[in-house]
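Each chain, letter by letter, is given below.
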Amino acid sequence: MNEKKKKNETFEWVKALLIAFGIAAIIRVFLFTPIVVDGVSMMPTLEDGDKMIVNKISYSIGKPERFDIVVFHAPEQKDYIKRVIGLPGDTVEYKDDVLYINDQAYPEPYLDAYKKEITEGTLTEDFTLEEKIQQQTVPEGHVFVMGDNRRKSNDSRHIGEINIDEIIGTTKFVFWPMDDIGLVD
């Protein structure tokens, strides 16, 4: 009887571990996944090496919103982290370091720290959407994304508009390093 009890207990432990691993896999594949910021393209908002949680739920049930920080599959077979600037149907233009969407100026408070440090030129060069993607508006089913470190970001100005289907999810929560734990805008 003792031998049978040990086998039953072992089976229960194995079953519990398999269920736990299964739940963890489901959460990682369908709900949330960690990602590491690679590079300086999102500074000062995000630092190289920051570890974040990607919320996959937001894109399985919704559409991107302006200024969301998103993770997407880039053409270089790599995942990028950028900020949504233009939504489908939007016109996007930069003039004198000011963002214009549909001819309306939009503040970008997340760029204020970098703009104060600039001694010559602008943080974001002047451009129109047509100059960057050869279209007057962001196409349906796509978004125009940019990194916050405008001078050092490989974004839609270089790789073109991003298909919404390539977006993995949004990210707002840094969980490492300890000094930076919290939500980002």
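As the structure is a prediction and not an experimental result, all values here were calculated from the model.

A.B. asks: Explain the pairing of strand 6 (residues 98-101) here, please?
C.D. replies: Two faces, one strand: in a regular strand the side chains alternate between the faces of the sheet. Of the two faces of strand 6, only the one carrying Leu99 and Ile101 is buried; Val98 and Tyr100 on the other face are not. Here strand 5 (residues 92-95) hands over to strand 6 after two residues, with aspartate 96 in that stretch at a positive phi of 55 degrees. In this sheet, strand 7 (residues 104-106) lies alongside strand 6 in antiparallel orientation, the contact comprising three bridges. When the sheet's bridge partners are listed, tyrosine 100 is paired in strand 7 with alanine 105.

A.B. asks: Sorry if this is basic, but what is going on with the nonpolar core here?
C.D. replies: For soluble globular proteins, nonpolar side chains are generally found buried alongside one another. The biggest cluster of nonpolar side chains holds 16 residues, and the ones touching the most others in it are Ile85, Val92 and Phe144. Within the residue set of this core, elements represented by two or more residues are strand 5, strand 6, helix 4 (129-133) and strand 9 (142-146). Excluding residues that lie within four positions of it along the chain, isoleucine 85 makes contacts with Arg66, Phe67, Asp90, Val92, Leu99, Ile101, Glu108, Tyr110, Phe144, Val145, Met146 and Arg150. Counting residues in each nonpolar core, the second largest holds 12 residues, with Met42, Val54, Ile69 and Ile168 among its members.

A.B. asks: Mind showing me how you'd approach the sheet that holds strand 8 (residues 127-128) here?
C.D. replies: Two modes of strand pairing occur in sheets, parallel and antiparallel, and in both the strands are linked by backbone hydrogen bonds. Pairing in this open sheet of four strands is antiparallel, and the strands run 7-6-5-8 from one edge to the other. Of all the strands in the sheet, just strand 7 and strand 8 have a single pairing partner and so form its edges.

A.B. asks: I'm lost on unusual backbone geometry in this one. Help?
C.D. replies: Note the cis peptide between methionine 43 and proline 44, where omega equals 5 degrees. One can find proline 44 in the loop between strand 1 (32-36) and strand 2 (51-55). Of note in the backbone geometry, aspartate 96 takes a positive phi value of approximately 55 degrees without being a glycine. Judged by relative accessible area, aspartate 96 falls into the exposed class, the value being 61%.

A.B. asks: I tried to follow a nonpolar patch on the surface on my own but got confused; where do I start?
C.D. replies: Taken together, the side chains of Phe173, Trp176, Met178, Ile181 and Leu183 make up a nonpolar region of the molecular surface, amounting to roughly 540 Å² of accessible area. Here methionine 178 is to be found in the loop between strand 11 (167-176) and strand 12 (182-183).

A.B. asks: Help me understand a negative patch on the surface in this model?
C.D. replies: Together, Glu47, Asp48, Asp179 and Asp180 line one region of the surface with negative charge. Tracing the backbone shows aspartate 48 in the loop between strand 1 and strand 2.

A.B. asks: Would you take a moment to explain the environment of aspartate 48 for this structure?
C.D. replies: Accessibility expressed as a relative area gives 49% for aspartate 48, which makes it partly exposed. Looking at aspartate 48, its side chain comes within polar contact range of the main-chain nitrogen of glycine 39, at 2.7 Å.

The rules behind each value
- Residues numbered from 1 in each chain as written.
- Predicted model: local features only at pLDDT ≥ 70, side-chain atom pairs only at ≥ 80, totals over all residues.
- Heavy atoms only, no water.
- Buried < 20%, exposed > 50% of the residue type's maximum accessible area, 1.4 Å probe, protein only.
- Helix = DSSP H or I, 4+ residues; strand = E, 2+ residues; numbered from the N terminus.
- Pairing = 2+ DSSP bridges.
- Core = buried A, V, L, I, M, F, W, Y, C linked by side-chain atoms within 4.5 Å.
- Contact = heavy atoms within 4.5 Å.
- Patch = residues over 30% accessible without salt bridge, like charges linked within 9 Å, V, L, I, M, F, W, Y side chains within 5 Å.
- Areas by Shrake-Rupley, 256 points an atom, 1.4 Å probe, with all protein chains shown as cover.
- Salt bridge = Lys/Arg side-chain N within 4 Å of Asp/Glu carboxyl O.
- Lys, Arg positive; Asp, Glu negative; His and termini not counted.
- Charge placed at Lys NZ, Arg CZ, Asp CG, Glu CD.
- Polar contact = N/O pair within 3.5 Å; in protein donor to acceptor, adjacent residues only side chain to side chain.

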